[in-house]
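Now for the letters of each chain:
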Amino acid sequence: CINMTQPNSIDANQLRKSFPIFEKRSLIYLDSAATSQKPKIVIDAVKNFYNEYNSNVHRSIYDISQEATEAYETAREKVAKFLNVDKVDSIIFTKGTTESMNLIAYSWVRHNLKKDDEILITEMEHHSNMVPWQLACKDVGAKLKIIPFEFDGTLKHPEKYFSKRTKLVSISHQSNVFGTINDIDKIINLAKKYNAISVIDAAQSVPHFPVDVKAIDCDFLAFSGHKMLGPTGVGVLYGKPELLENMNPFLGGGEMIRSVQLNESTWNDIPWKFEAGTPNIAQAIGLGVAVDFLNEIGMNNIHNYEKLITDYALNCLNEIDGITIYGNPPNRGGVITFNINNIHSHDLAQILNDDKIAIRAGHHCAQPIMNKLNVSSTARASFYFYNTFDEIDLLCKSIKKAIKLFK
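About the thresholds
- Residues numbered from 1 in each chain as written.
- Predicted model: local features only at pLDDT ≥ 70, side-chain atom pairs only at ≥ 80, totals over all residues.
- Heavy atoms only, no water.
- Core = buried A, V, L, I, M, F, W, Y, C linked by side-chain atoms within 4.5 Å.
- Buried < 20%, exposed > 50% of the residue type's maximum accessible area, 1.4 Å probe, protein only.
- Helix = DSSP H or I, 4+ residues; strand = E, 2+ residues; numbered from the N terminus.
- Contact = heavy atoms within 4.5 Å.
- Pairing = 2+ DSSP bridges.
- Axes fitted to C-alpha atoms, helices over the stretch in contact; angles between N-to-C directions.
- 1 Å grid on protein atoms, 1.4 Å probe; cavity = no way out; pocket = protein on both sides within 12 Å on 5 of 7 lines; lining within 4 Å.
- Points joined across faces, edges and corners; volume = space filled by probe spheres on them.
- Nonpolar A, V, L, I, M, F, W, Y, C, P; charged D, E, K, R; others polar.
- Phe/Tyr/Trp six-rings, centres within 6.5 Å; stacked < 30°, edge-to-face > 60°.
- Lys NZ or Arg CZ within 6 Å of the ring centre and 35° of its normal.

**Student:** Quick question: what am I supposed to make of the nonpolar core here?
**Tutor:** What tends to happen in soluble globular proteins is that the nonpolar side chains get buried as a cluster. Counting 107 residues, the largest nonpolar core has Leu 221, Phe 385 and Ile 399 as its most contacted members. Here this core gets 11 residues from one element, more than from any other, and that element is helix H10 (residues 281–297). Filtering out sequence-adjacent residues up to four positions away, Ile 399 remains in contact with Leu 317, Ile 320, Phe 338, Ile 340, Leu 348 and Leu 352. If you look at the next biggest cluster of nonpolar residues, it comprises 27 residues, including Trp 133, Val 140, Ala 222 and Phe 274.

**Student:** How should the sheet that holds strand S7 (residues 220–224) be read in this particular structure?
**Tutor:** Two strands in a sheet stick together by hydrogen bonds in their backbones, pointing the same way (parallel) or opposite ways (antiparallel). Across the sheet, which stays open at both edges, the seven strands sit in the order S2-S8-S7-S6-S5-S3-S4 with mixed pairing between neighbours. Edge strands, defined here as strands with exactly one partner in the open sheet, are strand S2 (91–94) and strand S4 (143–147). Direction aside, the axes of adjacent strands within the sheet are offset by 20° on average. Bridge count between strand S6 (residues 197–201) and S7: three bridges; the pairing is parallel. Bridging from a neighbouring strand, Ile 200 pairs with Leu 221 of S7. Contacting S2, S7 and strand S8 (235–239), helix H4 (residues 63–82) crosses the sheet at an angle of about 120° to S2.

**Student:** Even after reading the chapter, I still don't get the layout of surface pockets, so can you show me in this structure?
**Tutor:** Summary: where empty space remains is shown by rolling a probe the size of a single water molecule over the atoms. In this structure, the largest pocket encloses a volume near 300 Å³. Taken together, 24 residues form the lining of the largest pocket, with His 126, Ser 128, Ala 203, Gln 204 and Lys 227 sitting closest to its centre. Here the lining of the largest pocket is built from residues that sort into five nonpolar, 13 polar and six charged.

**Student:** Looking at this structure, how should I read the packing of aromatic side chains?
**Tutor:** Each aromatic ring pair is characterised by the separation of its centres together with the angle its planes make. Overall, the coordinates contain 18 aromatic pairs when judged by the stated rule. Ring geometry for Phe 19 versus Phe 293: centroids 6.0 Å apart, planes at 85°, classification edge-to-face. Separated by 274 residues along the polypeptide, Phe 19 in the loop between helix H1 (12–15) and helix H2 (20–24) and Phe 293 in helix H10 bring together distant segments of the chain. Judged by relative accessible area, Phe 293 falls into the buried class, the value being 11%. The rings of Phe 19, Phe 22, Phe 293, Tyr 384, Phe 385 and Tyr 386 are connected pair by pair, giving a single aromatic cluster. Note that Arg 16 overlies the ring of Phe 22, its terminal NZ or CZ placed 4.1 Å from the centroid. Cation over ring: Lys 372 sits above Phe 151, and NZ or CZ is 5.6 Å from the ring centre.

Set out below in structure tokens:
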């Protein structure tokens with residue numbers, strides 16, 4: 001491989017010391033696209049909530065409830081600032097990207113679309129950005145249109161698929177299979193041209209590079225906390241206030257109401273209108289601390305480091321005989337999907353696991369991509385700022401060992 005030195009702005013070996021899992025076990029973790037590891041400061045924030053001020057939020061005047069409410073709403077403010085969102089009430093806490101997409105599908109699509117209207121997505125979407133729209137289209141009689149991907153992992157001429165019937169377009173900012181960073185500015189501008197709503201699946205982008213919601217001017221944007229150092233069970237839906245105000249609640253129950261009578265109810269202000277029941281308080285607080293941690297490192301620093309380590313990994317992997325790397329997008333994030341001739345991806349993952357290397361093997365919740373590639377599954381290595389160049393060398397060494405075993 002070409003020798004590459006890491007930039008001074010990121011010291012991966014030093015940052016790894018903030019993650020207890022790397023202190024406790026020998027592990028080369030190359031599956032951050034599925035979920036990231038958690039720094040001690042995030043784990044402690046969750047633990048401290050339960051140890052020191054565990055209570056419900058928004059509902060009581062005693063001290064620890066006020067403290068919990070303040071911490072929960074402060075986390076919302078941190079997320080808003082992280083995305084450069086002016087109005088904090090545009091930030092809704094959900095369970096994750098999947099719930100966020102379903103919220104839009106139920107609360108906006110089913111009340112605004114009619115028969116023969118069109119929803120536009122791409123062929124490279126995660127199931128969570130595909131199935132909710134399939135269900136919604138069946139319910140209202142709308143049509144789901146697909147922008148196909150090219151085999152280099154890019155979208156060609158998406159403008160050909162828009163029409164006067166297009167009412168909503170939903171696209172992944174970064175593909176979880178190819179690593180492609182899609183040109184969402186172009187997609188959002190096309191949506192505006194056709195008076196369509198734009199939805200951005202940012203699950204793979206927000207954790208890895210700066211995302212400025214004000215600059216891109218999308219209508220909705222969703223991501224998951226667990227992919228950006230935060231706890232599982234918490235995610236975010238950003239929506240323009242004028243859209244959220246006119247949407248019906250997704251779930252009914254406590255917290256989302258203003259008043260309840262026996263036969264009818266009225267709804268709370270946004271964002272609480274969409275946060276029925278007791279929210280994931282500890283998880284949201286942990287997400288706020290994760291945002292602090294990422295801000296301290298610097299999102300541009302993270303992105304630049306990941307570009308270096310991804311380029312290094314591509315150079316090293318391409319030297320291996322019998323490897324097929326899927327996609328070659330010109331603008332990509334830290335995701336590489338591949339197969340080795342005559343080795344099933346699950347077998348490869350097991351051999352790598354024996355060497356304490358964790359990769360993903362399967363369809364990556366993107367079966368339409370696998371179908372088009374004519375494979376049942378692939379191996380995937382995905383990177384974060386806590387990965388090192390030495391780990392890439394060990395990954396390649398372990399793959400070569402697997403090839404020898406299967407000869």
